[in-house]
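Structure assessment
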Amino acid sequence: MSHTPASSPRVVVIGAGIVGCSLADELTARGWTDVTVLEQGPLPAPGGSTSHAPGLVFRTSPSKTLSEFAAYTVEKFGALEVDGLPCFNPVGGLELATTEERWADLHRRAGYAASWGIRGELISPARCKELWPLLDESKVLGGFFTPGDGLARAVLACRAQMARAEERGARFLERHTVTDIEQTGGRVTAVVTDRGVFPADHVVSAAGFWGPVIGRMAGVEVPLLPLAHQYAKTRPLPELAGVNDPRTEASRPILRFQDRDLYFREHTDRIGIGSYAHRPLPVDPFTVPAYDDAPVMPSSYPFTEEDFAPSWEDCRWLLPALAGSEVDEGFNGVFSFTPDGMPVLGESRALRGFWLAEAVWVTHSAGVAKAVAEWMVDGRPQTDVHECDLTRFEDAQRSPAYVADRGAQQFVEVYDVLHPLQPMDRPRPLRVSPFHARQQELGAYFLEGGGWERPHWYEANAALAEGIELPERDAWSARYWSPIAAAEARATREKVALYDMTPLRRLEVTGPGALAFLQRMTSNNLAKKPGAVTYTLLLDERGGIRSDLTVARLADDRFQIGANSRADEDWLLRHAPDDVQIRDITSGTCCIGVWGPLARDLVQPLTPDDFSHKGFGYFRARQTHLGHVPVTAMRLSYVGELGWELYTSADLGLRLWDTLWEAGQEIGVIAAGRSAFNSLRLEKGYRSWGHDMTAEHTPYEAGVGFAVRMDKGDFTGRDALEKAGEPRRRLTALLLDDPAAVVLGQEPVYLDGAPAGYVTSASYGYTLGRCVAYAWLPPLPSGTSVHVEYFGEKVSATVADEPLFDPGMTRIRR
């Protein structure tokens, strides 16, 4: 789907840095040719972050999305040139390890590269020295070399893409400072500048660290923090004399020395050095000088030598050739950080037609522009972008203080070895459930997600772990884990446990049109009597899984939805008719999952209603009372055991917990955490949206085709599913062959010695006595042998039929 020039909407892009230029090129290539790019500075180097960017492009990231963005940037810029000069120089990338911890981390990064299809290899100190002769190889334990990485020449790439976009009809206007965004009826209508008004159907803020300034004009929050980052160049080095062509500037790989927060690149006969080792240096985007008032350029602040001094010593330690040199010039360059280190992309619902393409580094610029252009023209990007969606931050994560705290921490940790479960230190605690005080009394070990404090296990259960034989864990998989999780999983399978499910998002959908609306928006049939609960999917027009939902029909015109993210609410609100109301009730409510074979023994004596299997069937809901507490009870289970989710208002939450806790003492009730929960849900094969499946996957690929009713009438994504052929990939259950082996997720999976896919979620299955991993792979028969690469070691695994535990569902339906 693309638009002819005659029907092309009017697009105004604010900012002619690398993102704005790339976006103009991508939009015009798709037939949207009425594109105006406004820039406050002079072209082609207007003085933002692009104008000073050193251009290092390392594609490998823990984020598949960022790696795909970077891979496209390399592919695109590699095919562009200006005046015979290439826009990308594929010198390769080299990451060094000078500590055992970093060397282990490079093995993990090599796994990411294999998972995402990036060529890379772990190399010896001697090979590192061959690639970078100035290195002191005695300081190096090894390296990770990615031959396809290299240097993007950002200003040249801007020029090349400007020329292509202009040929198709775009215009680039320099020295136009945006002063206002006009809107009518919740839609953007024009951009006002100091040199005129530009009517628009779509406006894209690609303003870099000025994003919050443009956002304020539009009434849209842009949660990013501009920070200054040091970059220096040495004097000319005799060792580099005559080595590099001045036109391409570099021939040796871009170099990362992450153990000291440093990176290096060649500038003909000099070396450029970037440092993240210094204190965070935040910059107020509202006080950045205009181009003509800035000493050098708006994004370039004076070099603070005292901040760089320790890093200079680290440079000389690694590169002895610098001993006789010194810093010749330097600057503190401003660029953007968000609270989670990811870009901020998408259209505002508060102001339709106003798009953000912010907090984007040169590394990811072309990939981001392609995704945003696809989103604008076709309605969705090809790449899953839920990690970048502007809706992802909770209200509690959007305060200026939060953005400042976490943005600065992202800067500090940019090169740190970070565990996937590692929480930030502050601000914590931010959001707590009504049960938090009781959880603290039980010795809860909290991690954090979405601002919520989430218990992962309870030290009060330590005695239950005694005598449980578990394989010894390596140091990495033992972090943020405890053998107590095994005891909590066993107690759930054998007795009964309370799980705090409060952080899971809850929406209320009401109104005369609620049923028809939800039928149209989701894949399963919701036309059931009140009291029914249905697992269903939010699909996009191409049949991709935007989210999975649990929908309870509590009355003819009232539904409670268990959802995943703010994006679900945003998507529903965008499509809701006037006779449907949607509100997020998460913060005003709470939920306890009561699960285990003794769940009925715990709950039934507390309520006058019949909680027998016949009286309260599976996937049913009821409003009742437990003791003095009014609750909405839903007979659901994400752990594969009998039980209920019990919802009440936040003010009654503590009373609900105490009621259940006191009643359960005689039957051995415990509190259990997320660590046990994750193990139990994987044994049952329950998917986690955002990890196991995203909008890139269809229900039939992801193994949730049972939630699609093609015969119920039209719904979003139905036509695409009808035309879909046989899946060429499947979310596949694996059991590791060695009972002592553990993997964690995102590891590459090898079939016949070649990478064939990657792990999405994994956990030790305490009931099964094996680690369970789910992975995206080609369709494979049960019993097929594969290997999962964990820190460079090939771990054998076998494709298994699912569910792995209780395939007859007898434990849930008792």
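In what follows, the accompanying structure is described. (Residues numbered from 1 in each chain as written. Predicted model: local features only at pLDDT ≥ 70, side-chain atom pairs only at ≥ 80, totals over all residues. Heavy atoms only, no water.)

Here the focus is the overall build of the protein chain. On a plain count of helices and strands, the protein chain comes out with 21 helices and 43 strands. For the protein chain, the spread of C-alpha atoms along the principal axes amounts to about 85 × 65 × 50 Å. Out of the 814 residues in the protein chain, the part that is buried amounts to 61%. Taking all contacts inside the protein chain whose residues are at least 6 apart in sequence as the whole, residues at least 24 apart take part in 72%. Surface summary for the protein chain: the accessible area is close to 30,500 Å², and the carbon and sulfur share equals 49%. Of the side-chain charges in the protein chain, 82 are positive and 107 negative, and the distance between the mean point of each set is 5 Å. (Helix = DSSP H or I, 4+ residues; strand = E, 2+ residues; numbered from the N terminus. Buried < 20%, exposed > 50% of the residue type's maximum accessible area, 1.4 Å probe, protein only. Contact = heavy atoms within 4.5 Å. Areas by Shrake-Rupley, 256 points an atom, 1.4 Å probe, with all protein chains shown as cover. Lys, Arg positive; Asp, Glu negative; His and termini not counted. Charge placed at Lys NZ, Arg CZ, Asp CG, Glu CD.)

Now for the packing of helix α3 (residues 64-77) against helix α9 (residues 365-378). It is the contact of α3 with α9, at a shortest axis distance of 6 Å, that shows an interaxial angle of 105°. The angle between α3 and α9 falls in the class roughly perpendicular. On the side of α3, the interface is formed by Phe69, Tyr72, Thr73, Lys76 and Phe77, while α9 contributes Ser365, Ala366, Gly367, Val368, Lys370 and Ala371. Considered class by class, the residues forming the contact of α3 with α9 number 6 nonpolar, 3 polar and 2 charged. (Axes fitted to C-alpha atoms, helices over the stretch in contact; angles between N-to-C directions. Parallel < 35°, antiparallel > 145°, perpendicular 65-115°, else oblique. Nonpolar A, V, L, I, M, F, W, Y, C, P; charged D, E, K, R; others polar.)

Turning next to the packing of helix α1 (residues 18-29) against α3. Axis separation between α1 and α3 bottoms out at 14 Å; the angle between their running directions is 70°. Classified by the angle their axes make, α1 and α3 are roughly perpendicular. Of α3, the residues touching α1 (which contributes Ile18, Ser22, Asp25 and Glu26) are Tyr72, Lys76 and Phe77. Of the residues contributing to the contact of α1 with α3, the split by class is 3 nonpolar, 1 polar and 3 charged.

For the rest of this paragraph, the subject is the sheet that holds strand β43 (residues 793-799). With respect to topology, 6 strands assemble into a closed barrel ordered β38-β41-β40-β39-β42-β43, the strand pairing being antiparallel. Each adjacent strand pair in this sheet contributes to an overall mean axis angle of 45°, direction not counted. Pairing analysis gives 7 bridges linking strand β40 (residues 754-765) to strand β41 (residues 770-777), with the strands arranged antiparallel. The partner of Val759 across the bridge, within β41, is Ala775. Where helix α4 (residues 100-116) meets the sheet, its contacts fall on β39 (748-751), β40 and β42 (785-790), and the angle it forms with β39 comes to roughly 60°. (Pairing = 2+ DSSP bridges.)

What follows covers the pairing of strand β38 (residues 730-736). Of all 7 residues in β38, 5 are buried, a share of seventy percent or more. In this structure, β38 lies alongside β41, joined through 6 bridges in antiparallel fashion. In the sheet register, Leu734 faces β41, and the bridge partner there is Ala773. In this structure, β38 lies alongside β43, joined through 3 bridges in antiparallel fashion. Across the sheet, the residue bridging to Leu735 is Thr798, located in β43.

Spatial ordering of the open sheet is given by β29-β30-β31-β28-β32, a layout of 5 strands whose pairing is antiparallel. The open sheet terminates on both sides in strands that have one partner only, identified here as β29 (533-539) and β32 (581-584). The average undirected angle you get between the axes of adjacent strands in this sheet is 30°. Sheet strands in contact with helix α16 (residues 566-575) are β28 (505-510), β29, β30 (545-555), β31 (558-563) and β32, and its direction is about 75° off that of β30.

Attention shifts here to the nonpolar core. Among the nonpolar cores identified, the biggest contains 52 residues, and Leu27, Phe77, Phe172 and Leu345 are the most heavily contacted of them. Elements that contribute at least two residues to this core include exactly β1 (11-14), α1, β2 (35-38), α3, α6 (154-167), β24 (354-358) and α9. Tallying contributions element by element places α9 first for this core, with 9 residues. Core analysis: the second largest hydrophobic core is formed by 51 residues, Ile468, Cys591, Tyr764 and Leu777 among them. (Core = buried A, V, L, I, M, F, W, Y, C linked by side-chain atoms within 4.5 Å.)

Here we take up the packing of aromatic side chains. Tallied over the entire structure, the rule returns 30 aromatic pairs. Both rings, one in Tyr499 and one in Trp595, keep their centres 5.5 Å apart while their planes meet at 50°; by these two values the pair is tilted. With a gap of 96 residues between them, Tyr499 in strand β27 (residues 497-500) and Trp595 in strand β33 (residues 589-595) connect regions that are remote in the sequence. Using a relative accessible area of 2% as the deciding quantity, one classes Tyr499 as buried. (Phe/Tyr/Trp six-rings, centres within 6.5 Å; stacked < 30°, edge-to-face > 60°.)

All right, on to helix α10 (residues 400-412) then. Between the first and last C-alpha of α10 there are 18 Å, a value that for 13 residues agrees with the 18 Å anticipated at 1.5 Å per step. When α10 is considered as a whole, its buried residues turn out to be Tyr402, Val403, Arg406, Gly407, Ala408, Gln410 and Phe411. Contacts made by the buried residues of α10 are with β16 (225-234), β19 (270-275), β22 (327-337) and β25 (444-449). (Expected span 1.5 Å × (residues − 1).)

With respect to the element layout, Arg260 can be found in the loop between β17 (254-257) and β18 (262-267). The partly exposed category is assigned to Arg260, whose relative accessible area is 33%. Linking Arg260 and Ser275, residues 15 residues apart in sequence, is a C-alpha distance of 8.4 Å. Excluding anything up to four places from it in sequence, Arg260 contacts Ala277 and Asp314.

Looking now at the side chain of His107. Tracing the chain through its elements places His107 in helix α4. Residues contacting His107, with those up to four places away along its chain left out, are Leu122, Phe791 and Gly792.

Right, let's talk about the pattern of salt bridges for a bit. For the coordinates displayed, the defined rule picks out 55 salt bridges. With a closest N to O distance of 3.7 Å, Arg30 and Glu374 form a salt bridge. One end of the pair, Arg30, is in the loop between α1 and β2; the other, Glu374, is in helix α9, and 344 residues separate them in sequence. The burial state of Arg30 is the same as that of Glu374; both residues are buried. (Salt bridge = Lys/Arg side-chain N within 4 Å of Asp/Glu carboxyl O.)

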